[in-house]
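Residue-level structure breakdown
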Amino acid sequence: MVDPARSLQDAEPLPFWLDDPGRPQAASALVSQTRCDLLVVGGGYSGLWTALVAKERDPSLDVLLIEAQEIGWAASGRNGGFCEASLTHGLGNGYQRWPGELARLERLGSRNLQAIEDAIKRYGIDCDWERTGSVTVATEPYQVEELREFAELAGRFGAELTVLDADAMRAEIDSPTFLGGVWDKDGVAMVNPARLAWGLKQACLDLGVRIHEHTRATGLAGSGAGIAVRTPYGRVLAGRVALATNAFPSLLRRHRPYTVPVYDYALMTEPLTDRQLASIGWRNRQGFADSTNRFHYVRLSADNRILWGGYDVVYHYGARVRAEHDQRPQTFATLARHFFETFPQLADVRFSHSWGGAIDTCTRFSAFFDLSHGGRVAYAAGYTGLGVGATRFGAEVMLDLLAGERTERTALEMVRRKPLPFPPEPIRSAGIGITQWSLARADEQQGRRNLWLRTLDRLGLGFDS
Ligand SMILES: Cc1cc2nc3c(=O)[nH]c(=O)nc-3n(C[C@H](O)[C@H](O)[C@H](O)COP(=O)(O)OP(=O)(O)OC[C@H]3O[C@@H](n4cnc5c(N)ncnc54)[C@H](O)[C@@H]3O)c2cc1C
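Worth saying up front: this structure is predicted, and the values here are computed from it rather than measured.

1. Some words on the packing of helix H2 (residues 45-57) against helix H8 (residues 193-206)
- In the contact formed by H2 and H8, the axes pass within 9 Å of each other and the chain directions differ by 30°. Considering the angle they form, H2 stands roughly parallel to H8. For the pair H2 and H8, the sense of crossing is left-handed. Two secondary-structure elements touch here, H2 through Tyr45, Leu48, Trp49, Ala51 and Leu52 and H8 through Pro193, Leu196, Ala197, Leu200, Lys201, Ala203 and Cys204.
- Each residue belonging to the contact of H2 with H8 can be placed in one class, and the counts come to 11 nonpolar, no polar and one charged.

2. Concerning the packing of aromatic side chains
- Overall, the coordinates contain 18 aromatic pairs when judged by the stated rule.
- With 6.0 Å between their ring centres and 70° between their planes, Tyr95 and Phe157 make a pair best called edge-to-face. With Tyr95 in helix H4 (residues 91-97) and Phe157 in the loop between helix H6 (141-156) and strand E5 (162-164), this pair connects stretches of sequence that are 62 residues apart.
- For the pair Phe340 and Phe351, a centre-to-centre distance of 6.0 Å together with 65° between the ring planes defines the contact as edge-to-face. In this pair, Phe340 is assigned in helix H10 (residues 329-342) and Phe351 in strand E16 (residues 351-361), connecting sequence segments 11 residues apart. We note that Phe340, like Phe351, is buried.
- Taken together, the ring pairs in this structure connect Phe178, Trp282, Phe288, Trp308, Phe339, Phe340, Phe343 and Phe351 into an aromatic cluster.

3. A short note on empty space enclosed by the protein
- If you walk through the whole model with that rule in mind, you get three cavities of 30 Å³ or more.
- In this structure, the largest cavity spans a volume of roughly 50 Å³.
- Around the largest cavity, the lining residues are Val144, Leu147, Arg148, Val163, Leu164, Asp165, Ala166, Leu179, Gly180, Gly181 and Val182.
- Residue assignment for the lining of the largest cavity shows that the elements contributing at least two residues are H6, E5 and strand E6 (180-184).

Rules used in this analysis
- Residues numbered from 1 in each chain as written.
- Predicted model: local features only at pLDDT ≥ 70, side-chain atom pairs only at ≥ 80, totals over all residues.
- Heavy atoms only, no water.
- Axes fitted to C-alpha atoms, helices over the stretch in contact; angles between N-to-C directions.
- Helix = DSSP H or I, 4+ residues; strand = E, 2+ residues; numbered from the N terminus.
- Parallel < 35°, antiparallel > 145°, perpendicular 65-115°, else oblique.
- Left-handed = near helix turned anticlockwise from the far one by under 90°.
- Contact = heavy atoms within 4.5 Å.
- Nonpolar A, V, L, I, M, F, W, Y, C, P; charged D, E, K, R; others polar.
- Phe/Tyr/Trp six-rings, centres within 6.5 Å; stacked < 30°, edge-to-face > 60°.
- Buried < 20%, exposed > 50% of the residue type's maximum accessible area, 1.4 Å probe, protein only.
- 1 Å grid on protein atoms, 1.4 Å probe; cavity = no way out; pocket = protein on both sides within 12 Å on 5 of 7 lines; lining within 4 Å.
- Points joined across faces, edges and corners; volume = space filled by probe spheres on them.

The following block contains the structure:
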């Protein structure tokens, strides 16, 4: 029997992807007053795509991006690297909320994923992009039928998913806990997340975007025909502003009730030897996730490590985002235990990195948008753990909104309507606590949802990562 603690004893307490000698030098901070046509606040994917696409649309636009710490240090540089076509946090969630426009959302999502792949090629971004797809795995008998139904639903929206029975599943990735799966071969790519962020930064610079790191926006106010944004050592007078601050407190208070930061955790193993890799198969290198409410997401890195993340989702009272939340030994021990239960063949494998990060969860699990200050400030957030791909779409929406254009994107109900906000503390913590308890119970009881979850479902409310 493997001791999970021993497997973690040499794990570096930092995100594997950011522990990379290719990490670029940070740009210097803004220390003066400056003007620009478009100011982007936040240097994760959301801000980077906004700046890049703005320049692609109009090369003459003067675009400035400011980032409080370093480009890609937050969720964008520490995620699982599942880049999905879905704009709605999965087809099931989209079907529940926007059945009438889901076909359009799916089409726009596929186009968005292709646009990411095209941009990676166009700008020569070295980010281990692998269009291998992802398998949703059944680990309980009741999930086998659910997955079959899911594949049928996806088929109605034009996605051709491959249903795998237990043997076919284990021929792909061999675990004694796997009972079947559904493989989306086309709608998901694996990517090295930090390298994608750094590559987008370079592409922005190459197109003439000005970037200042270590430059936190501390306040925002209308100023004449523009918007004035304060920073610790400077000030920006911008024609338009795009706020891409994700799980961090929005500069505008009115946005804050719509998201809560929840912490999601991951482990990375050492590189597997050829023998270890052969013991689990996995020749097609697809990602996979199990289908419980508290799911794991799992994938290979370019150098054949296994990233093993998810399961626990932790909310801290008062919606706090703090560096000390990035490490959570009890979660790492649980994750390690689950890893060895899934892959007993890998009993001699050790973990090299352990980390966590904040996700901007909203009650409907997919991005929402806002415009303020007479249409001069746009905001997007709420990607809820599925923003690697969807942030590019969100960037396009923010730019459409700032341009005052009515497009196919801005006409979407998903774009026009906001989710229900979270209640204030202490009701918020209590509600999230009951919901998490109920989701765990449902996982133990063949997926049966209790009265609390069914009521939330009816109200269009939920909690996920
Ligand atoms: C552990 C983990 C695993 C995940 N796995 C996946 C996955 O496999 N697939 C998937 O699709 N999604 C995943 N996600 C979610 C995904 O990473 C995010 O949805 C996405 O990165 C969001 O990008 P962003 O630019 O909105 O946010 P971020 O990357 O968080 O960037 C926001 C930036 O804004 C900056 N900022 C905040 N406030 C200010 C301010 N006042 N002034 C200046 N700058 C400011 C921050 O410093 C930060 O750099 C995961 C997230 C985590 C944490």
